[in-house]
Amino acid sequence: GEACFAKYLCGKFCRSPQHTAKHGRRVDLKKTTRYWIEAAKTGFSYALCGLGNMARDGELPGLVGADFALAQGLWARAFAECDLPEAAYNLGVCTGHGYGGPQDYALALVWYR
């Protein structure tokens, strides 16, 4: 519960230019990834969704560019485990635009609902 939420918040802090600059620090995507993986292991869906966003944006350490297939897998898991609306929305956007797979408006509508 609280420990995984704290890890998620620490990761969010490390990813935010506004928060890190306010405290004299720089964005640290490696720390964000580490915190969010730890939170995701406990089933914290916001961490899964955040990792999916990082994969989409090409920000995960070790990735070169965006990885929509990885992002969609993380969002699908977040949605399956907790019905997280942000995950469904992101899946709808990718499906509707054809990112990481074929464009499918009908399936995108399912995700949006």
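It should be emphasised that the depicted structure is a prediction, and the values quoted were computed from it without experimental measurement.

Cut-off values and rules
Residues numbered from 1 in each chain as written. Predicted model: local features only at pLDDT ≥ 70, side-chain atom pairs only at ≥ 80, totals over all residues. Heavy atoms only, no water. Helix = DSSP H or I, 4+ residues; strand = E, 2+ residues; numbered from the N terminus. Rg over C-alpha atoms; globule rule 2.2 N^0.38 Å. Buried < 20%, exposed > 50% of the residue type's maximum accessible area, 1.4 Å probe, protein only. Contact = heavy atoms within 4.5 Å. Areas by Shrake-Rupley, 256 points an atom, 1.4 Å probe, with all protein chains shown as cover. Patch = residues over 30% accessible without salt bridge, like charges linked within 9 Å, V, L, I, M, F, W, Y side chains within 5 Å. Salt bridge = Lys/Arg side-chain N within 4 Å of Asp/Glu carboxyl O. Phe/Tyr/Trp six-rings, centres within 6.5 Å; stacked < 30°, edge-to-face > 60°. Lys NZ or Arg CZ within 6 Å of the ring centre and 35° of its normal.

Caption draft 1: Looking closely at the overall build of the protein. Check the secondary structure of the protein and you find seven helices and zero strands. Ordering the α and β elements of the protein from the N terminus gives α-α-α-α-α-α-α. Relative to the 2.2 N^0.38 estimate, which gives 13 Å for 113 residues, the radius of gyration of the protein is 14 Å and therefore close to what a compact globule would have. For the protein, the spread of C-alpha atoms along the principal axes amounts to about 45 × 30 × 25 Å. Looking at the 113 residues of the protein, the share that counts as buried comes to 35%. Of the contacts formed within the protein by residues at least 6 apart in sequence, a portion of 38% connects residues at least 24 apart. For the protein, the exposed area adds up to about 6,700 Å²; of that, 58% sits on carbon and sulfur atoms.

Caption draft 2: Structural view of a nonpolar patch on the surface. Taken together, the side chains of Y89, L109 and Y112 present a nonpolar region at the surface, about 330 Å² in accessible area. Within the secondary structure, Y112 is located in helix α7 (residues 105-112). Residue Y112 is classed as partly exposed on the basis of its relative accessible area of 42%.

Caption draft 3: Local environment of the packing of aromatic side chains. With the rule as written, the count across this model stands at eight aromatic pairs. Plain terms: the ring middles of F44 and Y46 are 5.9 Å apart, the flat faces sit at 45° to each other, and that makes the pair tilted. Assessed through its relative accessible area of 40%, Y46 is described here as partly exposed. Of the aromatic side chains, those joined through ring pairs into one cluster are F5, Y8, W36, F44 and Y46. The lysine or arginine in question, R34, covers the ring of Y35, its NZ or CZ lying 5.8 Å from the ring centre.

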